[in-house]
Amino acid sequence: MTVKISHTADVQAFFDTVAGLGNEQGSPRFKQIILRILQDTARLIEDLEISENEFWKAVDYLNRLGGRNEAGLLVAGLGIEHFIDLLQDAKDEQAGLVGGTPRTIEGPLYVAGAPLAQGEARMDDGTDPGTVMFLTGRVFDAEGQPLAGATVDLWHANTQGTYSYFDSTQSEFNLRRRIVTDAEGRYRARTIVPSGYGCDPQGPTQECLNQLGRHGQRPAHVHFFISAPGYRHLTTQINFAGDKYLWDDFAYATRDGLVGELKFVTDAAAARDRGVQGDTFADLEFDFHLQAAKQPALETRSDRPRALQDA
Ligand code: FE
């Protein structure tokens, strides 16, 4: 029979002490969270009869996960980041905050402080031989009025599926820009069609996914932060219709309302008119709709620690 002790008064009192409940220093909120982690961990160890080998392998795993900077990847792969979106959707619905472009996960690869452009920007540095993509669209409020002066902060991978900053072979802020919408609420970006990517096959996140019988691949996507004074900050991504992994994303970011249609054009004259070498390019139009912010705090993104800081 399974032996259990975590419910006993002695063990509960021990965890209270460990969590600092007997002192006046520290943070009450932090103590509450740590106490819950201790209690739930103890129950997990008892209920699933976690062996010593399993426990110490898990400790070693956490060390390796942090050492490779993959904690942000693992929380995406285990669907926890998506769960937080689902929970926020449910809270919003209860509060009557509905409508607008759906949110989806940020992922761990944002870098703050990308170059700021008015209305339009070229995002690639010209070194990637990928297909040129003209990505345009407008930002609207919930009533369908265009929002001038909104900031469209977007970032995406190159054709190797890697991101500047994290891939040191790319130039600074390659494929990352902040574009302020014009008087019609429009943003225009010239960039390249990104590729999907996967977890490092040798990394700890993929090691976990292997044990779950899962792949670690993402469909191609473009990340966005959309913000405007008086409107609710939006963190989202768009995917492309027809992508092999569109509805099989290891990070569960694809959502209805976030699938764009890439239109490939092969026309030498049109390419020349658009300043494209070769005869093929792609167009993608995607609009965003923002909710009004009921409180100023909703206008900004979370304080999640991110690479670099805004200047
Ligand atoms: Fe990404």
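Position numbers for residues start from 1 in each chain and track the written sequence from start to end. At least 70 in pLDDT is required for a residue's local features to be given in this predicted model, at least 80 for side-chain atom pairs to be given and counted, and no such filter applies to totals for whole chains, interfaces and linings, which use all residues. Side-chain descriptors were evaluated using all non-hydrogen atoms of the structure, hydrogens and water having been removed beforehand.

1. A few points about the coordination of the iron ion
As a reminder, the rule being used: The donor definition counts N, O and S atoms within 2.8 Å of each metal and applies 3.2 Å to Na, K and Ca; water is not among these atoms, so some sites may look incomplete. Every angle between 85 and 135 degrees makes a four-donor site tetrahedral, while opposite donors more than 155 degrees apart, with all other angles between 65 and 115, make a four-donor site square planar and a six-donor site octahedral; other sites are irregular. Think of it in three bands: residues with accessible area under 20% of the maximum for their type are buried, residues over 50% are exposed, and the middle band is partly exposed, with areas taken using a 1.4 Å probe on protein chains only.
For the iron ion, the protein coordination sphere consists of Y163 (OH), Y197 (OH), H221 (NE2) and H223 (NE2), at 2.0 to 2.2 Å. Of note is the iron ion, whose four donor atoms meet at the metal with angles of 94 to 156° in an arrangement that counts as irregular. The motif formed by the donor residues of the iron ion, counted along the single chain, is Y-x33-Y-x23-H-x1-H. In this structure H221 comes out as buried when scored by relative accessible area, which is 1%.

2. Looking at the layout of surface pockets
Empty space among the atoms can be located by rolling a probe the size of a water molecule over them. So the rule is basically this: Cavity and pocket criteria rest on a 1 Å grid covering protein atoms alone: a 1.4 Å probe that fits but cannot get out defines a cavity, protein on both sides within 12 Å along at least 5 of 7 lines defines an open pocket, and an atom within 4 Å of a point defines a lining residue. Grid points are joined across faces, edges and corners, and a volume is the space filled by probe spheres set on the points. Put simply, DSSP marks the helices as runs of H or I at least four residues long and the strands as runs of E at least two long, and each gets a number from the N terminus on. Throughout this entry, Asp, Glu, Lys and Arg are counted as charged residues, while Ala, Val, Leu, Ile, Met, Phe, Trp, Tyr, Cys and Pro are counted as nonpolar. The remaining residues, Gly among them, count as polar.
Estimates place the volume of the second largest pocket at around 430 Å³. Lining the second largest pocket are T41, L44, I45, L48, I50, E54, F55, A58, V59, Y61 and L62. When residues of the lining of the second largest pocket are traced back to their parent elements, those giving at least two are α2 (28-47) and α3 (52-67). The element that contributes the greatest number of residues to the lining of the second largest pocket is α3, accounting for six residues. Across the lining of the second largest pocket, the residue classes tally to nine nonpolar, one polar and one charged.

3. Brief notes about the packing of aromatic side chains
The criterion, for reference: Side-chain rings of Phe, Tyr and Trp, where Trp is taken by its six-membered ring, are said to pair if the distance between their centres is within 6.5 Å; with planes under 30 degrees apart they count as stacked, over 60 as edge-to-face, and otherwise as tilted. Any Lys NZ or Arg CZ that is within 6 Å of a ring centre and within 35 degrees of that ring's normal is treated as a charge sitting over the ring.
Summed over the entire model, instances satisfying the criterion amount to twelve aromatic pairs. Relative to F288, the ring of Y187 lies with its centre 6.2 Å away and its plane at 45°, an arrangement referred to as tilted. Here the residue Y187 occupies a position in strand β6 (residues 186-192), and F288 occupies one in strand β14 (residues 288-290), the gap between them amounting to 101 residues. When sorted by exposure, Y187 lands in the same class as F288, which is buried. Members of the aromatic cluster, joined through ring pairs, are Y187, F224, F286 and F288. A cation over an aromatic ring shows up here: R274 above the ring of F134, its NZ or CZ 4.3 Å from the ring centre.

4. Topic: the domain arrangement of the protein chain
Which entries qualify depends on this criterion: Boundaries of every domain are those given by an automatic assignment or by a domain database.
Annotation of the protein chain at the domain level lists domain 1 (1-50) and domain 2 (74-308). For domain 1 and domain 2, the distance between their C-alpha centroids amounts to 40 Å.

5. Side note on the packing of helix α1 (residues 9-18) against α2
Convention followed: Geometry is summarised by axes, namely lines fitted to C-alpha atoms with helices restricted to the contacting stretch, and by angles between N-to-C directions that run from 0 to 180 degrees. Oblique is the label for any angle not under 35 degrees, not over 145, and not in the 65 to 115 range, which are roughly parallel, roughly antiparallel and roughly perpendicular in turn. Crossing chirality is assigned from the near helix's rotation relative to the far helix, an anticlockwise turn below a right angle marking it left-handed and a clockwise turn marking it right-handed. Contacts: residue pairs with any heavy atoms within 4.5 Å of one another.
α2 packs onto α1 with a crossing angle of 140° between their chain directions and a minimal axis gap of 9 Å. Taken together, α1 and α2 sit at an angle that is classed as oblique. Crossing geometry of α1 relative to α2 is assigned as right-handed. Between α1 and α2, the contacting residues are Q12, F15, D16 and V18 on the first element and L35, L38, Q39 and A42 on the second. Considering only residue class, the contact of α1 with α2 consists of five nonpolar, two polar and one charged.

6. Some words on unusual backbone geometry
Leaving glycine aside, a negative phi is the common case for residues, and trans is the common case for peptide bonds. Of note in the backbone geometry, Y165 takes a positive phi value of approximately 80° without being a glycine. Inspection of the secondary structure assignment puts Y165 in the loop between β4 (151-156) and β5 (176-180). Of note, the phi angle at F173 is positive, near 60°, even though the residue is not glycine.

7. Some points on the environment of Q295
Relative to the helices and strands, Q295 resides in the segment after β14. Given the relative accessible area of 46%, Q295 is considered partly exposed. For the pair formed by Q295 and L87, sequence separation is 208 residues and the distance between their alpha carbons is 19 Å.

8. Regarding the pattern of salt bridges
Put simply, the rule is: Any carboxyl oxygen of Asp or Glu within 4 Å of a side-chain nitrogen of Lys or Arg constitutes a salt bridge here.
What the rule picks out here adds up to 17 salt bridges. Across the pair R306 and E106 runs a salt bridge, and its minimum N-O distance is 2.8 Å. Separated by 200 residues along the polypeptide, R306 in the segment after β14 and E106 in the loop between α5 (80-94) and β1 (116-118) bring together distant segments of the chain. Just as R306 is buried, E106 falls in that class too. The network of salt bridges with shared partners includes D89, D92, R103, R232 and R255.

9. A word on a nonpolar patch on the surface
Short version of the rule: Every patch collects residues that have over 30% relative accessible area and no salt bridge, joining them within 9 Å if they carry like charges and within 5 Å if they are nonpolar side chains (Val, Leu, Ile, Met, Phe, Trp, Tyr). Using the Shrake-Rupley algorithm and a 1.4 Å probe, accessible areas are obtained, with residue cover drawn only from the displayed protein chains.
Taken together, the side chains of V75, L78, I80, F83, I84, L87 and L212 present a nonpolar region at the surface, about 600 Å² in accessible area. Ranked by residues supplied to the nonpolar patch, first place goes to α5 with four residues. Considering the arrangement of structural elements, one finds L87 in helix α5.

10. Overview of the side chain of D92
Within the secondary structure, D92 sits in helix α5. A residue is classified by how much of its surface remains accessible, and D92, at 6% relative accessible area, is buried. Other than its neighbours up to four places away in sequence, D92 contacts L97, R103 and R232.

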